[in-house]
Amino acid sequence: MKKKGVQLIKDGRRIDGRAFDELRPIRIEVGVLKRADGSCYFELGENKVIAAVYGPRELHPRHIQDAKRAIIQYRYNMAPFSVDERKRPGPDRRSIEISKVSREALEPVIMTEFYPRTTIDVFVEVLQSDAGTRTAGINAASVALADAGIPMRDLVTSVAVGKVDGEIVLDLNAYEDNYGEADMPIAMIVRKNKITMMQMDGKMTKDEIKKALKLAKKACEKIYQLQREALIAKYSEEIEREEQSDEQSAQWLKV
Ligand code: UDP
């Protein structure tokens, strides 16, 4: 949106060889942290993020409690080593903004009314970045919340779309984000077709936005499936392990 004079599209392909509507490779692992109530590792191309969920737990100080529901606290943090140019540790305007919009993206699916006076804390740590970290963080956080057993209406899924060399493209990398014309991260509840976050850096026409949203929706459907599969895989493995350990205990008792 920013710098000009770099060719980002050649012969119908993007700088990293992707088609306009192609996502970067995604890897999702559930339950990667022992001490968290729920956790998820999410890889999106060169982006690597971890989400950890703690709670619901009693909220202190008491005067910030909500007598009717749990409050969600979301902290997005970028590790100093996650970017090309070392990032100064600690919160800044950008991370405070991302934490706010990410929390608001997830709130509609969390049944906070079940846990009055508590907090549900979500920590998102970016270990490596290549644009799209807020979307990767939301995807990871959504899965980590489910892994923590927090009652949810559905998962939230997120992806960025944008405009590069006049073309509408999906899931921008850092080059495209830096040198392209627009970047539009969105989050949605796929099955309800409901958008819970929509931001825009740069400029697109009304028709371009419509086209971009269509692209984002299709991509979110794919990511949503991967989120579900990752959760199902973890819990199927767990049931299998439990069954094996039950069998083992039964054998020991026989001896
Ligand atoms: N970035 C960086 N240093 C910073 C902030 C961002 O190098 O202090 C890079 C990083 O790779 C990030 C990308 O710029 O992923 C795009 O940042 P943006 O603010 O658009 O958020 P994101 O796309 O990661 O959600």
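Use the structure listed above.
Since the structure is predicted, the reported quantities are computational estimates derived from the model, not experimental observations.

About the thresholds
Residues numbered from 1 in each chain as written. Predicted model: local features only at pLDDT ≥ 70, side-chain atom pairs only at ≥ 80, totals over all residues. Heavy atoms only, no water. Pairing = 2+ DSSP bridges. Helix = DSSP H or I, 4+ residues; strand = E, 2+ residues; numbered from the N terminus. Right-handed = clockwise from strand over helix to strand, strands pointing away. Contact = heavy atoms within 4.5 Å. Phe/Tyr/Trp six-rings, centres within 6.5 Å; stacked < 30°, edge-to-face > 60°. Buried < 20%, exposed > 50% of the residue type's maximum accessible area, 1.4 Å probe, protein only.

Where strand S6 (residues 71-78) meets strand S7 (residues 118-128), eight bridges bridge the pair, whose relative direction is parallel. Bridge pairing in S7 places Tyr76 opposite Val124. Between S6 and its parallel partner S7, the chain crosses via helix H1 (residues 93-106), and the hand of that crossover is left-handed.

Among the structural elements, Ala174 can be located in helix H3 (residues 174-179). Sequence separation between Ala174 and Arg241 is 67 residues, and the spatial gap between their C-alpha atoms is 41 Å. Ignoring anything within four residues of it in the chain, the contact list for Ala174 reads Asp130 and Ala131.

Next up on the list: the packing of aromatic side chains. Tallied over the entire structure, the rule returns three aromatic pairs. Note on Tyr175 and Tyr179: the rings are 5.8 Å apart at their centroids and 25° apart in plane angle, and the pair reads as stacked. Note that Tyr175 and Tyr179 are positioned in helix H3 at a spacing of four residues, about one turn of the helix. For Tyr175, a relative accessible area of 47% corresponds to the partly exposed category.

Tracing the sequence through the fold places Ser82 in the loop between S6 and H1. For Ser82, the contacting residues outside a window of four places in its chain are Val126, Leu127, Gln128 and Ser129.

Next up on the list: the environment of Arg117. As for its position among the elements, Arg117 is in the loop between H1 and S7. Taking the C-alpha atoms as reference points, Arg117 and Pro56, separated by 61 residues in sequence, lie 9.2 Å from one another. Not counting residues up to four positions away in its chain, the partners in contact with Arg117 are Glu58, Leu59, Gln65, Asp66, Ala67 and Arg69.

Read these as layout, nothing more, since geometry by itself doesn't imply function.
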